[in-house]
Amino acid sequence: MNVSSQFDVSGFGVVVTGGASGLGLAYGEVLAAHEARVTLIDVDADAVQAQATRLRDQGLDVRGAVADVTDHAALDRAIDGAAEEYGRLDVAFANAGIDSGPGFVAGWAGAERPRVEEGALERYTDERWNRVIDINLNGVFATARAAARHMRPRGYGRIIITTSLAATKVEPVIGSAYIAAKAGARHFMHALALELAADGITANAIAPGFFVTNIGGGHAHNPDLQAAVARDVPMHRVGRPDDVKALALFLASPASGYITGQEIVIDGGWGLGIAD
């Protein structure tokens with residue numbers, strides 16, 4: 001067997017929510033670079049169109065679509081539109097997410113015990129809780145549901161969910177709604193894998209640890225914080241979006257056909273682990 005052929009995604013129809021930046025953009029870039037046809041979906045119209053244009057200028061088959069994952073009708077239209085454009089939908093990355101609000105990070109690295117800001121729980125509003133759950137969990141459900149409608153008839157598909165190290169390693173540095181949503185998304189992925197396996201559709205999750213993206217208000221871009229985190233991990237560096245590209249290609253390709261229901265933890269330095 002030519003193993004490299006198992007990573008062939010040329011011609012695949014792909015959608016990525018939260019595709020205008022960070023991990024979502026990295027997912028879209030690597031699939032498009034390997035000749036998949038990619039639709040980046042994001043709530044930020046200017047950003048998603050700018051990234052789609054940039055990638056098209058590189059000769060890649062990328063389009064942008066604007067949708068808020070909390071607007072399930074709009075999300076359905078975006079995913080249906082991609083499937084109609086490509087005549088197929090092979091891969092869906094349910095990636096869109098936001099930070100947890102107050103208490104996200106007050107003491108991460110260098111402290112004996114991480115802690116949230118004092119009074120963070122009391123200041124955590126219903127509105128903030130509901131929005132974090134709505135985007136980080138309900139948006140995953142809506143993305144998977146829309147994708148499955150197109151994948152089941154063809155008997156093939158890959159659904160990849162972005163969870164978080166917070167789904168398996170509960171720390172007080174992560175706001176409670178974020179933990180609840182990411183843990184819920186992890187368990188939803190397990191249920192999804194069981195339901196869809198007989199239809200030739202796999203469901204897996206990528207669980208990043210400390211990665212430099214814009215989530216959490218962009219705190220991860222702080223070089224002092226990066227240096228502090230880097231001292232505590234064996235590779236002595238923090239994670240970057242490019243670090244997930246090979247894993248995303250693997251999970252999106254036929255090579256991962258015998259893997260489903262797995263959360264693969266990539267911790268920005270501690271390496272890979274699989275939680276089944």
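Residues numbered from 1 in each chain as written. Predicted model: local features only at pLDDT ≥ 70, side-chain atom pairs only at ≥ 80, totals over all residues. Heavy atoms only, no water.

### As for the overall build of the protein chain
Right, on to step 1. Within the protein chain, the secondary structure is distributed over 8 helices and 8 strands.
Right, on to step 2. The buried share among the 276 residues of the protein chain stands at 53%.
Right, on to step 3. Sequence-distant contacts in the protein chain: of pairs separated by 6 or more residues, those separated by 24 or more amount to 73%.
Right, on to step 4. Of the accessible surface of the protein chain, which amounts to about 12100 Å², a share of 52% is contributed by carbon and sulfur atoms. (Helix = DSSP H or I, 4+ residues; strand = E, 2+ residues; numbered from the N terminus. Buried < 20%, exposed > 50% of the residue type's maximum accessible area, 1.4 Å probe, protein only. Contact = heavy atoms within 4.5 Å. Areas by Shrake-Rupley, 256 points an atom, 1.4 Å probe, with all protein chains shown as cover.)

### Some words on the pattern of salt bridges
Right, on to step 1. All told, the structure shown has 12 salt bridges when counted by the stated rule.
Right, on to step 2. The salt bridge partner of Arg 131 is Asp 68, with a shortest N-O separation of 3.8 Å. With Arg 131 in helix 5 (residues 126-151) and Asp 68 in the loop between strand 3 (62-66) and helix 3 (72-86), this pair connects stretches of sequence that are 63 residues apart.
Right, on to step 3. Among the charged side chains, a salt-bridge network with shared partners connects Glu 29, Arg 54, Asp 242 and Lys 245. (Salt bridge = Lys/Arg side-chain N within 4 Å of Asp/Glu carboxyl O.)

### Things to note about unusual backbone geometry
Right, on to step 1. One non-glycine residue, Glu 35, lies in the positive phi region at around 75 degrees.
Right, on to step 2. Mapped onto the elements, Glu 35 comes out in the loop between helix 1 (22-33) and strand 2 (37-42).
Right, on to step 3. Positive phi is not limited to glycine here, since His 236 has a value of about 55 degrees.
Right, on to step 4. You can see His 236 is positioned in the loop between helix 7 (223-231) and helix 8 (245-252).

### Comments concerning the side chain of Asp 42
Right, on to step 1. The residue Asp 42 is located in strand 2 in this model.
Right, on to step 2. This buried residue, Asp 42, is left without a salt bridge; Arg 131 holds the nearest opposite charge, at 9.8 Å. (Lys, Arg positive; Asp, Glu negative; His and termini not counted.)

### Quick word on the packing of helix 5 against helix 6 (residues 176-196)
Right, on to step 1. Closest axis-to-axis distance for the helix 5/helix 6 pair is 8 Å, and the angle between their directions is 15 degrees. Put simply, helix 5 runs roughly parallel to helix 6. Where helix 5 crosses over helix 6, the two elements pack in a sense that is right-handed. Contacts from Trp 129, Val 132, Ile 133, Asn 136, Leu 137, Val 140, Phe 141 and Ala 144 of helix 5 reach helix 6 at Ser 176, Ala 177, Tyr 178, Ala 180, Ala 181, Lys 182, Gly 184, Ala 185, Phe 188 and Leu 192.
Right, on to step 2. In the contact of helix 5 with helix 6, the residues fall into 14 nonpolar, 3 polar and 1 charged. (Axes fitted to C-alpha atoms, helices over the stretch in contact; angles between N-to-C directions. Parallel < 35°, antiparallel > 145°, perpendicular 65-115°, else oblique. Left-handed = near helix turned anticlockwise from the far one by under 90°. Nonpolar A, V, L, I, M, F, W, Y, C, P; charged D, E, K, R; others polar.)

### Things to note about the packing of aromatic side chains
Right, on to step 1. In total, this model carries 4 aromatic pairs according to the counting rule given.
Right, on to step 2. Note on Tyr 27 and Phe 93: the rings are 4.6 Å apart at their centroids and 20 degrees apart in plane angle, and the pair reads as stacked. Highlighted residues: Tyr 27 in helix 1 and Phe 93 in strand 4 (residues 91-94), separated in sequence by 66 residues.
Right, on to step 3. Tyr 27 sits in the buried class, given a relative accessible area of 0%. (Phe/Tyr/Trp six-rings, centres within 6.5 Å; stacked < 30°, edge-to-face > 60°.)

### Considerations on the side chain of Ser 164
Right, on to step 1. With respect to the helices and strands, the residue Ser 164 is situated in the loop between strand 5 (157-162) and helix 6.
Right, on to step 2. Excluding residues within four positions of it along the chain, Ser 164 makes contact with Tyr 178, Lys 182, Ile 206, Ala 207, Pro 208 and Glu 263.

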